[in-house]
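Each chain is listed here by its residues.
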Amino acid sequence: MKQHLIVLDLDGTLLSDEKVITEKTEHALKTAREAGHQVMIATGRPYRASEPYYRQLNLDVPIVNFNGAFVHHPKDRSWKTFHEPISLPVVSDVVEALQDFNVHNVVAEVMDDVYIHRHDEKLLNIFTMGDPAVTIGDIRSYLNDNPTSLLIHPELEDQENIRRHLAEVHAEVIDHRRWGAPWHVIEVIRHGLNKAVGISKVSQWLNIPQERIIAFGDEDNDYEMIEYAGTGVAMGNAISGLKSIADEVTGTNNEDGIATVLEERLNLKLESKI
């Protein structure tokens, strides 16, 4: 069989609800690689929070982070890194406009530097994975570099109002997505970026055509990736909108849905482990 590129979202897709890669799924991915196929990660997470899984799978290709705003090859410095942050003046305008809404917090990430508008233990627990440099205080005062991403944590009732404002006022310079439950977070990145943009760069480098890309996802930030891939697969736990555009719906992230598809699509012989 010709070489395929297998693209994996992390949370809700490759990772179970316990944030681990199940033994069966890991075995399926290893078998696929041994058969000559390529495996890559495309996630909204920063690299520091996805590196453990990159290492666990022993990958040796570029990785897509921040939903396409940052693409690099952790093992090959000669590979041309792609990084497209948000303009600082735009961030200042957005943060200023948020004063008119009910917002718990705002977080900006400049690669591995994290800026948190207000002290928040729950957010700190999430964003300190990988031991980044953390600054707490008014982002308008402390943020001096163009951030890779901006995260807005609003009151649930204001989430759609904020997204509507962003769409009406800043549509030409930023794109925004929402995180799934339980975090009602709005993620903002530079306009025109998404996972598919990063995947296309990697697939061209690997010389694997679009029709031989199999992508797995579950959330709002996976739409472009699922549409772009030759075979777009929605997990059983995916949002309904993603299932409606996917070529296939598989089992959930807790049911080894990835392994099921790979075994069928790539004719893998997955010997059951006793």
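Shown above is the structure to which this text applies.
Residues numbered from 1 in each chain as written. Predicted model: local features only at pLDDT ≥ 70, side-chain atom pairs only at ≥ 80, totals over all residues. Heavy atoms only, no water.

Q: Can you walk me through the pattern of salt bridges in this structure?
A: A side chain with one charge can pair with a side chain of the opposite charge if their charged atoms come near. Under the criterion given, the structure shown has 15 salt bridges. We note a salt bridge from Glu109 to Arg48, for which the minimum N-O separation is 2.7 Å. Separated by 61 residues along the polypeptide, Glu109 in strand β6 (residues 103-110) and Arg48 in the loop between β2 (38-41) and α2 (51-56) bring together distant segments of the chain. Per residue, the accessibility class of Glu109 equals that of Arg48, and both read buried. (Salt bridge = Lys/Arg side-chain N within 4 Å of Asp/Glu carboxyl O. Helix = DSSP H or I, 4+ residues; strand = E, 2+ residues; numbered from the N terminus. Buried < 20%, exposed > 50% of the residue type's maximum accessible area, 1.4 Å probe, protein only.)

Q: Just to check I follow, could you spell out the sheet that holds strand β8 (residues 133-136) for this structure?
A: Within a sheet, each strand pairs with its neighbour through backbone hydrogen bonds, oriented either parallel or antiparallel. Read across the sheet, six strands follow the order β8-β7-β6-β9-β11-β10 without closing on themselves; strand pairing throughout is mixed. The outermost strands of the open sheet, each flanked by one partner alone, are β8 and β10 (174-178). Taking the axes of each pair of neighbouring strands and ignoring which way they run, one obtains an average angle of 20 degrees across the sheet. Where β10 lies against strand β11 (residues 186-190), five bridges are found, and the strand directions are antiparallel. Across the sheet, the residue bridging to Arg177 is Glu187, located in β11. Contacts between helix α3 (residues 88-97) and the sheet are confined to β6, β9 (149-154) and β10, with β9 contributing the most and set at about 5 degrees to the helix. (Pairing = 2+ DSSP bridges. Axes fitted to C-alpha atoms, helices over the stretch in contact; angles between N-to-C directions. Contact = heavy atoms within 4.5 Å.)

Q: How should the environment of His191 be read in this particular structure?
A: Among the secondary structure elements, His191 is positioned in the loop between β11 and α7 (195-206). Separated by 164 residues in the primary sequence, His191 and His27 place their C-alpha atoms 37 Å from one another. Those residues within four positions of His191 in sequence are excluded, and the remaining contacts are Ala171, Glu172, Val173, Ile174 and Asp175. A distance of 3.3 Å separates the side chain of His191 from the backbone oxygen of Ala171, its partner in a polar contact. (Polar contact = N/O pair within 3.5 Å; in protein donor to acceptor, adjacent residues only side chain to side chain.)

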